[in-house]
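# Residue-level structure breakdown
Listed here are the chains, written in short residue letters.
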Amino acid sequence: MLRSQVREEVFKIMFRYPFVTLEEMEEQIHYSLEELEGKSEENIQYIKDKVNAIVEHVEELDSKIEACCEGWNLNRIGKAELTIMRIAVYELMFEENVPNKVAINEAVELTKTYCDEDAKGFVNAILGKVEKSLG
């Protein structure tokens, strides 16, 4: 799987996060990974580890996103957009092997697929502010 495909699988799992309990999230991860049967164990483990890490840091990620959303609180942001930004902000903050431009560009590409037309500019702007705030 390409990293963009892996990221999309992470998105599909993380999109469920606001709708389930933490215990149910473990089940969602398990069921989602079962659907990837035939994919490399390396990719499956990477997806599982990344989802778990994002869930572990979700409050910190949300805080960073909200700080850069002047006049918006997280409740006003679409669930798909928020999920995409959580993944990108996680990559910006914690994955040194993912260049910032790649994390932001991949987020915008996911937005083009899963959100309405106006969302890509919003997501790009917020992620740009997050990147600047991280120095």
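Scroll up to find the structure this text is about.
Residues numbered from 1 in each chain as written. Predicted model: local features only at pLDDT ≥ 70, side-chain atom pairs only at ≥ 80, totals over all residues. Heavy atoms only, no water.

### With respect to helix H1 (residues 3-14)
End to end, H1 covers 16 Å across twelve residues, agreeing with the expected 16 Å (1.5 Å per residue, within 8%). Of the positions making up H1, those classed as buried are Val6, Arg7, Glu9, Val10, Phe11, Ile13 and Met14. Contacts from the buried residues of H1 go to helix H2 (22-34), helix H3 (41-56), helix H5 (79-94) and helix H6 (100-114). (Helix = DSSP H or I, 4+ residues; strand = E, 2+ residues; numbered from the N terminus. Expected span 1.5 Å × (residues − 1). Buried < 20%, exposed > 50% of the residue type's maximum accessible area, 1.4 Å probe, protein only. Contact = heavy atoms within 4.5 Å.)

### Some details on the side chain of Ser32
Structurally, Ser32 can be placed in helix H2. Judged by its relative accessible area of 7%, Ser32 is buried. Look past the residues within four positions of Ser32 in its chain and what remains in contact with it is Ile13 and Arg16.

### A closer look at the packing of helix H4 (residues 58-67) against H5
A pair of packed helices is captured by two measures, namely the crossing angle of their axes and the spacing between those axes. In contact at an axis separation of 9 Å, H4 and H5 are set at 100° when each is read in the N-to-C sense. Viewed along their axes, H4 and H5 adopt a mutual orientation that is roughly perpendicular. Counting all contacts with H4, which are made through Val58, Glu60, Leu61, Asp62, Lys64 and Ile65, the residues of H5 involved are Leu82, Met85, Arg86, Val89, Tyr90, Met93 and Phe94. Classifying every residue of the contact of H4 with H5 gives nine nonpolar, no polar and four charged. (Axes fitted to C-alpha atoms, helices over the stretch in contact; angles between N-to-C directions. Parallel < 35°, antiparallel > 145°, perpendicular 65-115°, else oblique. Nonpolar A, V, L, I, M, F, W, Y, C, P; charged D, E, K, R; others polar.)

### Some remarks on the environment of Lys132
Relative to the helices and strands, Lys132 resides in helix H7 (residues 119-134). According to the relative accessible area criterion, Lys132 is exposed, its value standing at 73%.

### Side note on the environment of Gly121
Looking at the element boundaries, Gly121 is found in helix H7. Its relative accessible area of 42% is what places Gly121 among the partly exposed residues. The spatial distance from the C-alpha of Gly121 to the C-alpha of Ala103 is 15 Å, given a sequence separation of 18 residues.

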